[in-house]
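Coordinate analysis (summary)
As a plain string of letters, each chain reads:
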Amino acid sequence: MERTFIAVKPDGVQRALVGEIIQRFEAKGFTLVGLKLLNVSRELAEQHYDVHKDKPFFSGLVNFITSGPVVAMVWEGEGVVASARKLIGATNPLSAEPGTIRGDYGVSIGRNLIHGSDAVETAQREIGLWFTDGELATWQPTIAPWLYE
């Protein structure tokens with residue numbers, strides 16, 4: 001099964017949208033295998049956004065993700081990376097389709113509520129940054145036969 005990294009950013013936590021976001025992933029049929037609330041260190045933020053380190057918006061990304069608590073999650077399921085991106089919606093909430101998390105709740109690109117890995121390889125890297133192996137559960141939901149052949 002594929003895994004992806006999802007983070008509810010400080011604006012999503014402050015706006016009390018964590019439960020709604022989790023519900024959408026559960027309703028889709030994905031399995032939650034890692035979950036924690038944390039204040040992100042500057043070091044972790046810089047590692048997470050390392051691909052953007054030479055861009056002018058890098059410091060803004062780091063400052064924002066470290067500005068308040070974040071809910072970090074790992075979700076598992078067939079095609080979960082691509083499907084999660086569709087659930088999340090376009091990076092700019094003003095362009096995001098209604099029915100997506102950003103389309104329904106987002107207001108501006110600088111406060112777009114949620115992060116989701118953009119590829120399987122990225123997900124593996126991000127999961128390794130945010131979670132140890134011991135923090136991830138391996139389990140089989142009883143609903144799995146109703147979801148997968």
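Everything that follows concerns the structure shown earlier in this document.
Note that the structure is a prediction, hence the values are computed from the model and not measured. (Residues numbered from 1 in each chain as written. Predicted model: local features only at pLDDT ≥ 70, side-chain atom pairs only at ≥ 80, totals over all residues. Heavy atoms only, no water.)

1. A look at the nonpolar core
Soluble, globular proteins show a tendency: their nonpolar side chains are buried together. Residues Ile6, Ile21, Phe25, Met73, Trp75 and Ile114 are the most contacted members of the largest nonpolar core, which totals 20 residues. Secondary structure elements with two or more residues in this core: β1 (2-8), α2 (18-28), β3 (69-77) and α5 (80-88). For this core, the element with the highest residue contribution is α5, accounting for five residues. Each residue touching Ile21, except ones within four places of it in the same chain, is listed here: Val8, Met73, Ile101 and Ile114. In this structure, Phe5, Ala7, Val62 and Val74 belong to the second largest nonpolar core, which totals 18 residues. (Core = buried A, V, L, I, M, F, W, Y, C linked by side-chain atoms within 4.5 Å. Buried < 20%, exposed > 50% of the residue type's maximum accessible area, 1.4 Å probe, protein only. Helix = DSSP H or I, 4+ residues; strand = E, 2+ residues; numbered from the N terminus. Contact = heavy atoms within 4.5 Å.)

2. Some thoughts on the side chain of Thr31
By secondary structure assignment, the location of Thr31 is in strand β2 (residues 31-39). Look at Thr31 and you get buried, because its relative accessible area is 10%. Those residues in contact with Thr31, other than ones at most four positions away along the chain, are Val74, Trp75, Glu76, Trp139 and Pro141.

3. A word on the pattern of salt bridges
Tallied over the entire structure, the rule returns six salt bridges. Note that Arg3 and Glu76 form a salt bridge whose closest N and O atoms lie 2.8 Å from each other. You can see Arg3 sitting in strand β1 and its partner Glu76 sitting in strand β3, a full 73 residues away along the chain. Its relative accessible area of 25% is what places Arg3 among the partly exposed residues. The class for Glu76 is buried, based on a relative accessible area of 16%. Between Arg42 and Glu46 there is a salt bridge; the shortest N-O distance is 3.8 Å. You can see Arg42 and its partner Glu46 sitting in helix α3 (residues 42-48), four residues apart, about one turn around the helix. A relative accessible area of 44% means that Arg42 is categorised as partly exposed. When its relative accessible area of 34% is taken as the criterion, Glu46 is described as partly exposed. Bridged by salt links that share partners, the residues Glu20, Arg24 and Asp104 form one connected network. (Salt bridge = Lys/Arg side-chain N within 4 Å of Asp/Glu carboxyl O.)

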